[in-house]
Amino acid sequence: MADLKPIYVFKRFERFWHWSQAALIMFMALTGFEVHGTYMLFGFEQASSLHTTAAWALIGLWLFAIFWHLTTGEWKQYIPTTENMMGVMRYYSIGIFTGAPHPFKPTQLNKHNPMQRVAYLLFKVVMAPMIWISGLLYLYYNAWADWGLGELDLSVIALIHTAAAFMLLIFLVGHVYLTTTGHTLFSQIKAMITGWDEVEEDPQ
Ligand code: HEM
């Protein structure tokens, strides 16, 4: 096996943003599905109020993250590409089980493989807006008439919000599974904690 070379990929704010977002989303799934009636944990009233507090924290975090991505140019990491896409898909469906080398080597300027670029872009432009727009509409249900949204149906908004929550849960499961497919079971998690990943050095 080729030697591993350390590279610094996840900057300090990025790691803070990633883990805070992960914690908030898991907490919101926990409180949200209690509001939904799936189980009883905090009690409906408290689950609902914790969910709303966490929602504002998440929206605040997203605003900072958007500002950071725009000012550092890191948003470019999410521009989709088809280059090497088939290679990466073949790796995750076959190569990973036969010990084939990973077809993508991250660098600081290109740290996401083509599958990650598409998945994270979908998260940012479809799933996240779907959950916050439906969530804010849900929260301000009493203001709909004043906003001229009287025709909206609460059950439709609740359904969209719940569907987005399920999509986020499915994303989370796939995401956590993929974190275990690095050089070791926890090497990707470690990279997101320390900022340092390891890539295979090309043989000289
Ligand atoms: C970021 C913006 C979000 C806002 C503003 C928001 C807001 C809300 C509001 C106001 C409710 C209704 C609570 C009540 O009736 O007392 C709700 C319900 C719910 N939320 Fe969120 N939420 C957000 C994010 C999330 C996330 C990230 C998840 C899960 C991953 C989630 C999952 C749920 C679920 C499952 C329900 C129950 C829906 C139902 O059965 O009607 N929410 N949310």
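Rules used throughout
Residues numbered from 1 in each chain as written. Predicted model: local features only at pLDDT ≥ 70, side-chain atom pairs only at ≥ 80, totals over all residues. Heavy atoms only, no water. Near = heavy atom within 4 Å. Polar contact = N/O pair within 3.5 Å; in protein donor to acceptor, adjacent residues only side chain to side chain. 1 Å grid on protein atoms, 1.4 Å probe; cavity = no way out; pocket = protein on both sides within 12 Å on 5 of 7 lines; lining within 4 Å. Sits in = over half its atoms within 2 Å of the grid points. Helix = DSSP H or I, 4+ residues; strand = E, 2+ residues; numbered from the N terminus. Donors = N, O, S within 2.8 Å, 3.2 Å for Na, K, Ca; no water. Tetrahedral: all angles 85-135°; square planar, octahedral: opposite > 155°, others 65-115°. Buried < 20%, exposed > 50% of the residue type's maximum accessible area, 1.4 Å probe, protein only. Core = buried A, V, L, I, M, F, W, Y, C linked by side-chain atoms within 4.5 Å. Contact = heavy atoms within 4.5 Å. Phe/Tyr/Trp six-rings, centres within 6.5 Å; stacked < 30°, edge-to-face > 60°. Arc of directions from axis to C-beta. Salt bridge = Lys/Arg side-chain N within 4 Å of Asp/Glu carboxyl O.

With that out of the way, let us pick up the site of the ligand. Near the ligand lie 22 residues; those nearest to it are H36, S48, H51, Y138 and H161. At 2.8 Å from a nitrogen atom of the ligand is found a side-chain nitrogen or oxygen belonging to H51. Y138 is positioned with one of its side-chain polar atoms (N or O) 2.5 Å from an oxygen atom of the ligand. A majority-of-atoms criterion places the ligand in the second largest pocket. Contributing elements (two or more residues each) for the shell around the ligand: α1 (12-36), α2 (44-72), α4 (114-139) and α5 (154-179).

Attention now moves to the coordination of the iron atom of the ligand. With distances of 2.0 Å, the protein atoms coordinating the iron atom of the ligand are H51 (NE2) and H161 (NE2). Coordination at the iron atom of the ligand comes from 6 donor atoms whose angles at the metal span 88 to 180°, giving a geometry best classed as octahedral. Residue H51 is found in helix α2, and its partner H161 is found in helix α5; the two are separated by 110 residues along the sequence. The residues H51 and H161 share a single accessibility class, namely buried.

Quick look at the nonpolar core now. Here is a general trend for soluble globular proteins: nonpolar side chains tend to be buried in one another's company. If you look at the biggest cluster of nonpolar residues, it comprises 22 residues, and the most contacted ones within it are W17, L58, W62, F123, I131 and L168. If you list the elements that add at least two residues to this core, you get α1, α2, α4 and α5. Sequence-distant contacts of W17, defined by excluding residues within four places in its chain, comprise L61, W62, A65, H69, Y78 and K124. Grouped together as the second largest cluster of nonpolar side chains are 6 residues, I7, F10, A191 and M192 included.

Quick look at the packing of aromatic side chains now. Counted under the stated rule, the structure contains 10 aromatic pairs. With centroids separated by 5.0 Å and ring planes inclined at 45°, the aromatic side chains of F123 and F171 adopt a geometry described as tilted. Placement of the pair is F123 in helix α4 and F171 in helix α5, with a sequence separation of 48 residues. Accessibility assignment for this pair places F123 and F171 in one class, buried. Relative to W147, the ring of Y140 lies with its centre 5.8 Å away and its plane at 45°, an arrangement referred to as tilted. Accessibility expressed as a relative area gives 35% for Y140, which makes it partly exposed.

Buried residues of helix α6 (residues 187-194): S187, A191 and M192, and no others. Buried residues in α6, looked at end-on, bunch into an arc of 140°, giving them a common side. Those residues of α6 that are exposed and angled more than 90 degrees off the buried face are K190 and I193. At the C-terminal side of α6, G195 shows a positive phi close to 95°.

So, about the pattern of salt bridges. Enumeration according to the criterion identifies 3 salt bridges in this entry. Between E14 and K111 there is a salt bridge; the shortest N-O distance is 2.6 Å. Of this pair, E14 sits in helix α1 while K111 sits in the loop between α3 (85-98) and α4; the two residues are 97 residues apart in sequence, bridging distant segments of the chain. Across the pair, exposure class does not vary: E14 and K111 are buried alike. Look at the salt bridges and you will find they share partners, linking K11, E14, E74 and K111 into a network.

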